[in-house]
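Coordinates in review
Letter by letter, the chains look like this.
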Amino acid sequence: MATNSFGNIFRITTFGESHGKAIGVVIDGCPAGLELSDDEINAALALRAPGNSPFTSKRKEPDVGEILSGVFEGKTTGSPICFLIRNQDHNSAHYEPIKDLVRPGHANSTYIQKYGVFDYRGGGRASARETACRVAAGAVAKKVLAHYCVSITACLKQPTEDQLTHVMAEGDSLGGIIEFVAEGLPCGLGDPVYEKLEANLACAMLSLPATKGFEIDAGFSCVSMKGSEHNKLPSGTLGGISTGKPLIGRVACKPTSSIKIPQATTTLEGKPATFVLPEGSRHDPCVAIRAVPVVEAMAALVLVDALLLNRCVRL
Ligand SMILES: Cc1cc2nc3c(=O)[nH]c(=O)nc-3n(C[C@H](O)[C@H](O)[C@H](O)COP(=O)(O)O)c2cc1C
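Let me sum up the structure you'll find in this document. (Residues numbered from 1 in each chain as written. Predicted model: local features only at pLDDT ≥ 70, side-chain atom pairs only at ≥ 80, totals over all residues. Heavy atoms only, no water.)

A few words on the overall build of the protein chain. If you tally the helices and strands in the protein chain, you get seven helices and 15 strands. Seen along its three principal axes, the alpha-carbon backbone of the protein chain occupies a region of about 65 × 55 × 35 Å. When each of the 315 residues of the protein chain is scored for burial, the buried share is 47%. Partitioning the contacts of the protein chain with sequence separation of at least 6, the portion at a separation of at least 24 is 73%. For the protein chain, the accessible area works out to roughly 16100 Å², and carbon and sulfur atoms hold 56% of it. Charge separation in the protein chain, taken as the distance between the mean sites of 31 positive and 32 negative side-chain charges, equals 3 Å. (Helix = DSSP H or I, 4+ residues; strand = E, 2+ residues; numbered from the N terminus. Buried < 20%, exposed > 50% of the residue type's maximum accessible area, 1.4 Å probe, protein only. Contact = heavy atoms within 4.5 Å. Areas by Shrake-Rupley, 256 points an atom, 1.4 Å probe, with all protein chains shown as cover. Lys, Arg positive; Asp, Glu negative; His and termini not counted. Charge placed at Lys NZ, Arg CZ, Asp CG, Glu CD.)

Another aspect to go through is helix α3 (residues 131-147). Over its 17 residues, α3 runs 24 Å from end to end, which matches the ideal 24 Å to within 8%, given 1.5 Å per residue. A large share of α3 lies buried, amounting to 13 of its 17 residues. Note on α3: the residue one or two positions beyond its end, Cys-149, has a positive phi of about 65°. (Expected span 1.5 Å × (residues − 1).)

Here we come to the sheet that holds strand β13 (residues 247-253). Spatially, β8-β9-β13-β10 is the arrangement adopted by the four strands of the open sheet, whose pairing is antiparallel. Here the strands that pair on one side only, and so sit at the sheet edges, are β8 (151-158) and β10 (211-216). Here the average twist between neighbouring strands, direction ignored, is 20°. By the bridge criterion, seven bridges tie β8 to strand β9 (residues 176-183) in an arrangement that is antiparallel. Along β9, the bridge assignment pairs Ala-154 with Phe-180. Lying over the sheet, helix α7 (residues 287-310) contacts β8, β9 and β13, oriented at roughly 150° with respect to β8. (Pairing = 2+ DSSP bridges. Axes fitted to C-alpha atoms, helices over the stretch in contact; angles between N-to-C directions.)

Before going further, it helps to spend a moment on the sheet that holds strand β1 (residues 5-6). The strand order across the open sheet built from five strands is β1-β2-β3-β7-β4, with neighbouring strands paired in antiparallel fashion. With partners counted over all chains shown, the strands left at the sheet margins are β1 and β4 (65-69), one partner each. When strand β2 (residues 11-16) meets strand β3 (residues 22-28), the two strands line up antiparallel, connected through six bridges. Pairing of Ile-12 across the sheet is with Ile-27, part of β3. Docked against the sheet, α3 engages β2, β3 and β7 (81-86), running at close to 35° with respect to β3.

What is expected of a backbone is that most residues other than glycine have negative phi and most peptide bonds are trans. Note the cis peptide between Gln-158 and Pro-159, where omega equals 5°. Relative to the assigned elements, Pro-159 resides in the loop between β8 and α4 (161-169). Despite not being glycine, Glu-73 has its phi angle at roughly 50°, a positive value. By the element assignment, Glu-73 lies in the loop between β5 (71-72) and β6 (75-76).

This paragraph deals with the site of the ligand. The environment of the ligand is formed by 15 residues, the closest being His-106, Ala-210, Lys-254, Ser-258 and Arg-282. Side-chain polar atom of His-106 to an oxygen atom of the ligand: 3.0 Å apart, as the coordinates give it. For the ligand, an oxygen atom lies 3.3 Å from a polar atom in the backbone of Ala-126. Burial of the ligand by the surrounding chains reaches 85%, relative to a free accessible area of 630 Å². (Near = heavy atom within 4 Å. Polar contact = N/O pair within 3.5 Å; in protein donor to acceptor, adjacent residues only side chain to side chain.)

Time to look at the environment of Ala-199. Tracing the sequence through the fold places Ala-199 in helix α5 (residues 197-206). We classify Ala-199 as partly exposed; its relative accessible area is 36%. Taking C-alpha positions, Ala-199 is 7.7 Å from Gly-240, a pair spaced 41 residues apart along the chain.

For a regular strand, the rule is simple: side chains alternate between the two faces of the sheet. The buried count for β13 comes to five of seven residues, which makes it a mostly enclosed element. With five bridges connecting them, β10 and β13 associate as antiparallel partners. By the bridge assignment for β13, Thr-211 is matched with Cys-253.

Right, let's get into the pattern of salt bridges. Tallying each qualifying case throughout the model produces 10 salt bridges. Bridged by salt links that share partners, the residues Lys-157, Glu-179, Glu-215 and Arg-250 form one connected network. (Salt bridge = Lys/Arg side-chain N within 4 Å of Asp/Glu carboxyl O.)

Now the structure itself:
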């Protein structure tokens, strides 16, 4: 599994598994001189934790980490920043009854076919716990962006609270749409061919677990517009390069795969079986809720990288 890094200049590498000893991120390429503390990163992590909304599981999963390197007397030194989150003791027992079943909507069957091994307790690298590392790195990226007066905010556009209440009562789940807006971007970020800004944003968003679609500006709705209408819209990018106007993107998340309703499945050997979520498992009716800060972090990682690259583009 060779691909655990993301970015060119501001480059992150994440490591660890959900039921291992720790997860973490190494950030390479963060400029020196940025004020940075554990508390700032931990505050960002708290926004991703479950229990922040009536529609996320009440389970306590305190993600608190520490900076191990790259910061001296409260400021970044320019050397790699390592941020480590030690995993709490997890009770892995409730995964036992389902360890030989294909989990509908989850990655265990493809992992086993590809690698021949799968950490059935929490999904290993497939676990969305990995996104905590992206949020930690995103918090640093956002601080660099703030230095250049760039801000990013994301919110949940869909579903509504009513829809969530209904689906939760049924033990089922819903997909969702997260929208982010980046403001204060200078004109000129992104390259015109393989590193188009929207292409890198799409790659970032679709690298997240459960994401199935990405659009920018008018997105898919542009197909039913006329050129005369579409040309009048403000565009965050043109030719893959930021225009200086607010950049708006939307990310579609699939419905949470782990639901309380029994589902037809097979054993890993292909025999028919029924999948029932083990007693005590968490049930989040919509993963998009917890993905909001993660989308914000990924947008920050793409934009900080483009911004730093742009500083060496011409004399
Ligand atoms: C922040 C976040 C939290 C998630 N939490 C859950 C969860 O509680 N239950 C679940 O079934 N899937 C959850 N997922 C999605 C699964 O990790 C994902 O669907 C699964 O690994 C399969 O990957 P794929 O959907 O990209 O194919 C979450 C995703 C994110 C981004």
